[in-house]
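Descriptive analysis of the structure
What follows is the residue order along each chain.
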Amino acid sequence: LLLVTTDMGEAQGFVTVRIDPAAGRITTMAFPRETAVESGTDTYRLYELFASQGVVGVRDSLAALTGLSFDNYAVITYNNIEKLVTYLGDGLLTELPENLDYNADGYFIKLEAGTRVLTAPQVANVLRYPNWQGGKKQKAAIQAQLTASLINQYLIPARQSTADTDFSTIVNLLQS
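This write-up is about the structure you can find in this document. Model, not experiment: these values are computed from the prediction.

1. Some details on the packing of helix 2 (residues 78-88) against helix 5 (residues 163-173)
Look at helix 2 against helix 5: their axes get within 10 Å of each other, and the N-to-C directions meet at 165°. When the interaxial angle is binned, helix 2 and helix 5 end up roughly antiparallel. With respect to the hand of their crossing, helix 2 and helix 5 are arranged in right-handed fashion. Note on element contacts: helix 5 touches helix 2 through Thr165, Asp166, Thr169, Ile170 and Leu173, opposite Asn80, Lys83, Leu84, Tyr87 and Leu88. Tallied by class, the residues present in the contact of helix 2 with helix 5 amount to 5 nonpolar, 3 polar and 2 charged.

2. Focus: the pattern of salt bridges
A side chain with one charge may pair with a side chain of the opposite charge, provided their charged atoms come close. Taken as a whole and assessed by the stated rule, the structure comprises 8 salt bridges. A salt bridge links arginine 18 to aspartate 20; the nearest nitrogen and oxygen atoms lie 3.9 Å apart. Residue arginine 18 is classed as exposed on the basis of its relative accessible area of 53%. Its relative accessible area of 23% is what places aspartate 20 among the partly exposed residues. Here arginine 45 makes a salt bridge to glutamate 48, at a shortest N to O gap of 2.5 Å. Linked through salt bridges whose partners overlap, the residues forming this network are Glu10, Arg33 and Glu34.

3. Details of unusual backbone geometry
Here the phi dihedral of methionine 8 falls at roughly 50°; this positive angle occurs in a residue that is not glycine. Tracing the chain through its elements places methionine 8 in the loop between strand 1 (2-7) and strand 2 (10-20).

4. Brief notes about the layout of surface pockets
Where empty space is left becomes clear once a probe the size of a water molecule has been rolled over the atoms. Size it by volume and the largest pocket reaches roughly 1,200 Å³. Residue lining of the largest pocket: 42 residues in total, with Leu1, Val17, Ile19, Ile151 and Leu155 positioned closest to the centre. Every element with two or more residues in the lining of the largest pocket is listed here: strand 1, strand 2, strand 3 (25-31), strand 6 (73-77), helix 2, helix 3 (120-128), helix 4 (135-154) and helix 5. At 6 residues, helix 4 tops the list of elements feeding residues into the lining of the largest pocket. Within the lining of the largest pocket, the residues separate by chemical class into 29 nonpolar, 9 polar and 4 charged. As a volume, the second largest pocket reaches approximately 190 Å³. Lining the second largest pocket, in full, are Asp7, Met8, Gln12, Tyr78, Tyr102, Tyr107, Leu127, Arg128, Pro130 and Lys139. Of the residues belonging to the lining of the second largest pocket, the class tally is 6 nonpolar, 1 polar and 3 charged.

Analysis parameters
Residues numbered from 1 in each chain as written. Predicted model: local features only at pLDDT ≥ 70, side-chain atom pairs only at ≥ 80, totals over all residues. Heavy atoms only, no water. Axes fitted to C-alpha atoms, helices over the stretch in contact; angles between N-to-C directions. Helix = DSSP H or I, 4+ residues; strand = E, 2+ residues; numbered from the N terminus. Parallel < 35°, antiparallel > 145°, perpendicular 65-115°, else oblique. Left-handed = near helix turned anticlockwise from the far one by under 90°. Contact = heavy atoms within 4.5 Å. Nonpolar A, V, L, I, M, F, W, Y, C, P; charged D, E, K, R; others polar. Salt bridge = Lys/Arg side-chain N within 4 Å of Asp/Glu carboxyl O. Buried < 20%, exposed > 50% of the residue type's maximum accessible area, 1.4 Å probe, protein only. 1 Å grid on protein atoms, 1.4 Å probe; cavity = no way out; pocket = protein on both sides within 12 Å on 5 of 7 lines; lining within 4 Å. Points joined across faces, edges and corners; volume = space filled by probe spheres on them.

This is how it looks when you write it as structure tokens:
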């Protein structure tokens, strides 16, 4: 699965999700939005390619770059990620690698490093955080980490009785 996250109409994250049922494992990997990829004879950054060719163009270019085949793809906004976390239980357990402290242009976040249970708005604010010590690479890694946390915490056998409703809710929050 290729998952593209967007905020205010612009692509922010590009996360691959690989499901290995035989091993009982799901892995995630993210690409920085500034990753250079080729499409035809032109070179784009992933977010530019998404803006001009959509998720299909990104999927095809990442497949060519990595040799991975993406059977499925999805696009979800940060606002819909908030709605998803609220629906699933309004708390996401994750590890913050550093203190987050930022206040500008109507955006505010202040969270200490360590294991945290994030509310739905905090999840979106962590995704939006602009000052990661590890820069663009770490911002991409956080996208993958939060995706893995969401899957590991909520897409579990204990929720089997709500699987159909969960799937329907997730699909309805995705963009086409």
